[in-house]
Amino acid sequence: MLSKFFRLEENGTTFRKEVLAGLTTFSTMAYILAVNPSILSQTGMDFNALITATALAAAIGTLVMAFYANLPVGVAPGMGLNAFFAYTIVSAMGYSWQFALTAVFLEGVIFIFLSLFKIREAIINSIPSNLKHAISVGIGLLIALIGMANAGIIQTGMHHVGDGRLEGVILKMGDLTSAGPLLALIGVIVSAVLMYKGVNAALLIGILAATLAGIPLGITHMPENGHLVGWPPSVAPVAFKLQFDKLFSMDMVKILFTLLMVNLFDTVGTLIGLCNKAGLLDANGRMPRAKQALMADAVGTTAAGLLGTSVVTAYVESASGIAAGGKTGLTAFTVAVMFLLALFFAPVFAMIPTAATAPALIIVGMLMMGAVSKIDFNDVTEALPAFLAIVMMPYSYSIAEGIVFGMLSYVLLKVCTGRYREISPVMYVLGGLFIVTFFVR
């Protein structure tokens, strides 16, 4: 039945190959079950509940990808987007995590409508490729910085002096002989060696290796009851905690707009790259069942807001399963089933310390840096906007600020150099909207 539904013979694949591809993809994505709760729990959310919310949101989005889009792509709360949730909306901007969840839910609803009417595709097609690559690189740098800071490898060097002034350097090296940095560095080396050897679960194994090393160092704490397998933690502490009292406030407008802009470029670029790798693009380079595929992260994000986690997106790690032969939604279906089964191993993910998840953040940041080679630095009207988008993300500790600086500088440079014809009408609109954001902060 599944073979017929997913049209395996038509796509030149087999049931066994698809299932193995799904297991491969899950092994490369499973680190999110440890990393996402580690990041979001810093906002005050319950860690164990976040494990369940992360797994359920991933399963829902991936099931839509499997049965509606029939594509071999896994979906889960996105790296970078969870950092935006925790470190920008909650930490830097001072909003509650309930407020942030409401924005996630509303963004999902809006994306459902934008996907139905193919507006997302139109917007993505209007963004210059150099800026798309720069956004990926900038997010990678920010993610790596967060990982190093979480592990204590990098620390703030600023301190208050007697008259209230700040002195010192902005950032400095932490004590690399302390437990946190040691764990992170162990995980990075283990992950890198395994990646070199072609092990698909390299990131997850790196996290587990650092976690085990943390036991004698006193950072990793075993479950109180000693059980590594059990019933999934309740999602009640974080589920359905939406905060609608500021629904029509300017605060919600700012957050929603920023979330939409941040997430807008992520899924489409990932999907096109993955479909290209799987040989699924048509003769014109267009992605098959694009509307259905975009609906997967829209539905997943809506569910994520209700369940209590951050924005869901397509995972570039799905490339590992595609490389293993995955071509249909049966690969994605296998990934979804594995996320549900992983819920029964929640105690294992709960014992992983923050320092042990840092290697995944650092390695993912490194992988996202690869897009810098695709940026044209010979044309200053292309290079400067890309550069500003890249550096402003880690410097301002905000993905949104990087996008704003990149987009606005692109429009201004093209206009001021007489190359305004290169700017699409949609880019003019986006530039105007970004200018508005400066006055509604």
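These notes cover the structure that comes with them. None of the values given here were measured: they were computed from a predicted structure.

### Brief notes about helix 14 (residues 329-342)
Right, on to step 1. Taking 1.5 Å per residue, 14 residues should reach 20 Å; helix 14 reaches 20 Å between its end C-alpha atoms and fits that length.
Right, on to step 2. Here helix 14 has its buried residues at Gly329, Leu330, Thr331, Ala332, Thr334, Val335, Ala336, Phe339 and Ala342.
Right, on to step 3. Considering only its buried residues, helix 14 is in contact with helix 1 (2-5), helix 2 (15-29), helix 3 (32-40), helix 4 (47-69), strand 1 (75-77) and helix 15 (346-350).

### So, the side chain of glutamate 18
Right, on to step 1. Along the chain, glutamate 18 turns up in helix 2.
Right, on to step 2. Buried charge glutamate 18 goes without a salt bridge, the closest partner of opposite sign being lysine 17 at 7.4 Å.
Right, on to step 3. For glutamate 18, the contacting residues outside a window of four places in its chain are Leu8, Thr13, Gly325, Gly326, Lys327, Thr328, Leu330, Thr331 and Thr334.

### Describing the nonpolar core
Right, on to step 1. If you look at the biggest cluster of nonpolar residues, it comprises 128 residues, and the most contacted ones within it are Tyr31, Met65, Phe85, Phe339, Met427 and Phe434.
Right, on to step 2. Among the elements that make up this core, the one with the highest residue count is helix 4 (12 residues).
Right, on to step 3. By size, the runner-up hydrophobic cluster in this structure holds 5 residues, among which are Phe6, Ala66, Leu330 and Ala332.

### Digging into a nonpolar patch on the surface
Right, on to step 1. On the surface, Leu212, Ile215, Met222, Leu228, Val229, Trp231, Phe344 and Phe345 cluster together into a nonpolar patch covering about 830 Å² of accessible area.
Right, on to step 2. Locating phenylalanine 345 in the fold gives a position in the loop between helix 14 and helix 15.
Right, on to step 3. Overall, the relative accessible area of 41% leaves phenylalanine 345 in the partly exposed class.

### Let's talk about the pattern of salt bridges
Opposite charge on two side chains permits them to pair, given that their charged atoms come into close proximity.
Right, on to step 1. Throughout the structure, instances matching the rule amount to 5 salt bridges.
Right, on to step 2. Taking the shortest distance from any N to any O, the salt bridge between lysine 414 and glutamate 422 comes out at 2.8 Å.
Right, on to step 3. A salt bridge links arginine 419 to glutamate 422; the nearest nitrogen and oxygen atoms lie 2.7 Å apart.
Right, on to step 4. With relative accessibility at 27%, the residue arginine 419 sits in the partly exposed group.

### A closer look at the packing of helix 8 (residues 129-151) against helix 16 (residues 354-369)
Right, on to step 1. Running from amino to carboxyl end, helix 8 crosses helix 16 at an angle of 160°, the nearest separation of the two axes being 7 Å. The angle between helix 8 and helix 16 places the two elements in the roughly antiparallel class. The crossing of helix 8 and helix 16 is left-handed. Contact residues: helix 8 offers Ser136, Val137, Ile139, Gly140, Leu141, Ile143, Ala144, Ile146, Gly147, Met148, Asn150 and Ala151, while helix 16 offers Thr354, Ala355, Ala358, Leu361, Ile362, Gly365, Met368 and Met369.
Right, on to step 2. Counted by class, the contact of helix 8 with helix 16 contains 14 nonpolar, 6 polar and no charged residues.

Conventions we followed
Residues numbered from 1 in each chain as written. Predicted model: local features only at pLDDT ≥ 70, side-chain atom pairs only at ≥ 80, totals over all residues. Heavy atoms only, no water. Helix = DSSP H or I, 4+ residues; strand = E, 2+ residues; numbered from the N terminus. Expected span 1.5 Å × (residues − 1). Buried < 20%, exposed > 50% of the residue type's maximum accessible area, 1.4 Å probe, protein only. Contact = heavy atoms within 4.5 Å. Lys, Arg positive; Asp, Glu negative; His and termini not counted. Salt bridge = Lys/Arg side-chain N within 4 Å of Asp/Glu carboxyl O. Core = buried A, V, L, I, M, F, W, Y, C linked by side-chain atoms within 4.5 Å. Patch = residues over 30% accessible without salt bridge, like charges linked within 9 Å, V, L, I, M, F, W, Y side chains within 5 Å. Areas by Shrake-Rupley, 256 points an atom, 1.4 Å probe, with all protein chains shown as cover. Axes fitted to C-alpha atoms, helices over the stretch in contact; angles between N-to-C directions. Parallel < 35°, antiparallel > 145°, perpendicular 65-115°, else oblique. Left-handed = near helix turned anticlockwise from the far one by under 90°. Nonpolar A, V, L, I, M, F, W, Y, C, P; charged D, E, K, R; others polar.

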